[in-house]
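# Close look at the chain arrangement
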Amino acid sequence: SLTIGIVGLPNVGKSTLFNALTKNDVLAANYPFATIEPNIGVVGVPDARLGRLAEVFGSQRIVPATVDFVDIAGIVRGASEGEGLGNKFLANIRESDAICQVIRAFKDENVVHVDGKVSPKSDIETIDTELMLADLQTIEKVLPRLVKEARIKKDKQPMVAAVEEAKAILEEGRTLYAAGIAHGTERAEPLRELHLLTVKPFLYVFNVDEDELTDEAFKEEQRALVAPAEAIFLNAKLEADLAELPEDEALELLETVGQHEPGLATLARVGFATLGLQTYLTAGPKEARAWTIKKGATAPEAAGVIHTDFRQGFIKAEVISFDDLLATGSVPEARAQGKARMEGKDYVMRDGDVVEFRFNV
Ligand code: GDP
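Going along each chain's sequence as written, the residues are numbered from 1 onward. In view of the model being predicted, local features appear only for residues whose pLDDT reaches at least 70, and side-chain atom pairs are presented and counted only at 80 or more, with totals across whole chains, interfaces and linings using the full set of residues.

## Overview of the overall build of the protein chain
Keep this limit in mind: Labels follow the DSSP assignment, with helices taken as runs of H or I lasting at least four residues and strands as runs of E lasting at least two, numbered in each case from the N terminus. What the globule rule says is 2.2 Å times the number of residues to the power 0.38, and the radius of gyration is computed from C-alpha atoms.
Assigned secondary structure in the protein chain consists of 14 helices and 12 strands. Its C-alpha atoms give the protein chain a radius of gyration of 23 Å, near enough to 21 Å, the size a compact globule of 361 residues would have. Dimensions of the protein chain along its principal axes, counting C-alpha atoms only, are 65 × 60 × 40 Å.

## With respect to the sheet that holds strand β4 (residues 66-71)
To be explicit about the condition: Strand pairing is assigned whenever DSSP detects at least two bridges linking the two strands. For helices, the axis comes from a line fit to the C-alpha atoms of the stretch in contact; other axes are also lines fit to C-alpha atoms, and the angle between any two N-to-C directions lies between 0 and 180 degrees. Think of it this way: build a C-beta for each residue from its backbone, and any pair within 7 Å is a contact.
Here we have 6 strands laid out as an open sheet, ordered β2-β4-β1-β5-β6-β7, and mixed in their pairing. Taken across any chain shown, the strands that pair with only one partner, and hence form the sheet edges, are β2 (40-44) and β7 (230-234). For this sheet, the mean angle separating the axes of adjacent strands, direction not counted, is 25°. Here 4 bridges tie strand β1 (residues 3-7) to β4, and the two strands are oriented parallel to one another. Paired with Thr3 across the bridge in β4 is Asp68. Its contacts with the sheet place helix α5 (residues 120-152) against β1, β5 (98-104) and β6 (202-207), and it is angled at close to 145° to β5. Relative to β7, helix α10 (residues 263-274) is tilted by about 165°, and along the sheet it contacts β1, β2, β4, β5, β6 and β7.

## Considerations on the site of the ligand
Heads up, the rule is: Put plainly, near means the residue's C-beta atom, positioned from the backbone, lies within 6 Å of the molecule or strand in question. Gly counts as polar in this scheme, as do all residues outside two lists: the nonpolar Ala, Val, Leu, Ile, Met, Phe, Trp, Tyr, Cys and Pro, and the charged Asp, Glu, Lys and Arg.
If you check the shell around the ligand, you find 15 residues, and the closest are Gly13, Lys14, Ser15, Thr16 and Asp108. Put simply, the parts of the chain that give the shell around the ligand at least two residues each are α1 (14-23) and α8 (236-244). Residue contributions to the shell around the ligand peak at 3 residues, all from α1. Taken together, the residues that form the shell around the ligand break down as 5 nonpolar, 7 polar and 3 charged.

## A few points about the nonpolar core
For clarity, the cut-off: Defined on buried residues, the nonpolar core groups Ala, Val, Leu, Ile, Met, Phe, Trp, Tyr and Cys residues joined through C-beta atoms within 7 Å. Labels follow a simple rule on C-beta atoms placed from the backbone: if 20 or more others lie within 10 Å of a residue's own, it is buried; if 12 or fewer, it is exposed; otherwise it is partly exposed.
Among the nonpolar cores identified, the biggest contains 88 residues, and Ile6 and Val205 are the most heavily contacted of them. Apart from residues lying up to four places away in sequence, Ile6 is in contact with Lys14, Phe18, Phe69, Val70, Asp71, Ile72, Cys100 and Val102.

## Structural notes on the packing of α5 against helix α6 (residues 157-171)
Note the following rule: Here roughly perpendicular refers to angles of 65 to 115 degrees, roughly parallel to angles under 35, roughly antiparallel to angles over 145, and oblique to all remaining angles. The hand of a helix crossing depends on one turn: near helix anticlockwise from the far one by less than a right angle means left-handed, and clockwise means right-handed.
At a minimum axis distance of 10 Å, the contact between α5 and α6 shows a crossing angle of 150°. It follows from the interaxial angle that α5 and α6 lie roughly antiparallel. Viewed along their axes, α5 and α6 form a crossing whose handedness is left-handed. Contacts between α5 and α6 pair Met132, Asp135, Leu136, Ile139, Leu143, Leu146, Val147 and Ala150 from the former with Gln157, Met159, Val160, Val163, Ala166, Lys167 and Leu170 from the latter. Here the contact of α5 with α6 is built from residues that sort into 12 nonpolar, 1 polar and 2 charged.

## Details of the pairing of β5
β5 sits mainly inside the fold: 7 of its 7 residues count as buried. Covered by surrounding structure in β5 are Ala98, Cys100, Val102 and Arg104 together with Ile99, Gln101 and Ile103, the residues of both alternating faces. As defined by bridge partners, β1 adjoins β5 across 4 bridges and the pair is classed as parallel. What sits directly across from Val7, in β5, is Gln101. Across 6 bridges, the pairing between β5 and β6 is parallel. If you follow Gln101 over to β6, its bridge partner there is Tyr204.

## Quick notes on the pairing of strand β8 (residues 277-283)
Burial within β8 is extensive, with 6 of its 7 residues counted as buried. In this sheet, strand β9 (residues 287-294) lies alongside β8 in antiparallel orientation, the contact comprising 7 bridges. Looking at β9, one finds that Ala283 is bridged to Ala288.

## Brief notes about the UniProt feature "domain: TGS" (unreviewed entry) in the protein chain
The cut-off we apply is this: UniProt positions are given in the numbering used here, feature names are shortened, and annotations may be inferred rather than shown by experiment.
UniProt tags residues 276-359 as "domain: TGS" (unreviewed entry). When the span residues 276-359 is considered, its composition is 31% helix and 39% strand, and the gap between its end C-alpha atoms is 27 Å.

## Points about unusual backbone geometry
Cis rather than trans, the peptide bond between Ala227 and Pro228 has omega equal to 5°. Even without being glycine, His195 reaches a positive phi, approximately 50°. In this structure, His195 sits in the loop between α6 and β6. For His195, a count of 13 C-beta atoms within 10 Å corresponds to the partly exposed category.

## Brief notes about the packing of α5 against helix α7 (residues 216-226)
Taken N-terminus to C-terminus, the directions of α5 and α7 make an angle of 20°; their axes are 11 Å apart at the nearest point. One finds that α5 runs roughly parallel with respect to α7. Of the two possible hands of crossing, α5 and α7 adopt the one that is right-handed. Side by side, α5 and α7 meet where Pro120, Lys121 and Ile124 of the first sit next to Gln222, Leu225 and Val226 of the second.

## Some thoughts on the confidence of the model for the protein chain
The line we're drawing: Think of pLDDT as the predictor's per-residue confidence, scored from 0 to 100.
Confidence in the prediction of the protein chain, expressed as mean pLDDT, is 90, and 92% of residues score 70 or more. Two numbers describe this predicted complex: its pTM, 0.89, and its ipTM, 0.97.

## Details of the environment of Ala105
Inspection of the secondary structure assignment puts Ala105 in the loop between β5 and α5. Sequence-wise, Ala105 and Val354 are 249 residues apart; in three dimensions their C-alpha atoms are separated by 41 Å. In this view, Ala105 contacts Val118, Pro120, Phe206, Asn207, Val208 and Glu212; residues no more than four positions away in its chain are not counted.

## Re the environment of Lys286
Secondary-structure assignment places Lys286 in the loop between β8 and β9. You can call Lys286 exposed: it has 12 C-beta atoms within 10 Å. Apart from the residues lying within four places of it in its own chain, the contact partners of Lys286 are Ser59 and Gln60.

Right, dumping it as structure tokens:
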């Protein structure tokens, strides 16, 4: 499955956040016998629709979609030079599908900042710079050979052009993602075999003081620093406390700081979307469940997530939109009102589709 690597300078609250994430580990909760890797946190993506579906179908349990977060320790200035942990750090990032930077904004004087001052802007620059330098090194290593090859093999010319464009962007101090050359887009395609780091989607978690959670002007400033990437604001210590509490008490505590859901829930939801994922829903007396698919997946691809046989033997999918199902109150009533659609193998799944597959085995 796809993973989000958590990175950040020392002392910004990564461990605190990661501990909160692992306390929320849905694997631990739902699959007590699963092996849990110490540096991976599997977090449920909150989805209020599942609770409603469970009511409609009388489902015994709810199974949300999940996001995997990986704790990647060890960014320091000079990581791209391969010093100390640098190499391992870069290798771990290369394996992640998205990069989540934790940025310190909280002011606590008892917690030392590696650079002596709290400055989200300069922390972001420090980390982005290491990643961009690593990409520039990769490019400088392959470019001369590519240029030579392209003299003979004309079909390599678009790749040379793309690599040279990427180089220019990085030299200007921009990540490829920020420049619109994101993994999965057509512009990133010629760069694929270089395994660059800054084509990965970025998201930024600002670890803020509690009073900053509701400071809209402050948040707007930070958002501007990282756009087009998403910014999430949370207090890591508070999140760690919330993860220890039963849901009603957690909500009470959240309300005292003007929030309606834990920052981790927002992080899971935004992280899931940042990975280019979406869900479709199934429900029955046993469970109401969200299944993870890539945006743009077709009905047979979606069926294959449940079981490979479902994909191979796919006949059709009976699809009711969540809203229609809720409005009609049941599957038979949705059918009676013409709200159930039979979709074939070319159907592109939509968010909120409630599905039952028909297949041959
Ligand atoms: P890491 O080095 O990035 O993993 O940082 P840690 O999670 O170990 O946190 C470093 C220190 O900052 C610890 O003493 C934490 O208790 C403290 N800390 C983490 N998050 C917050 C926060 O939101 N507010 C304050 N005041 N301290 C925090």
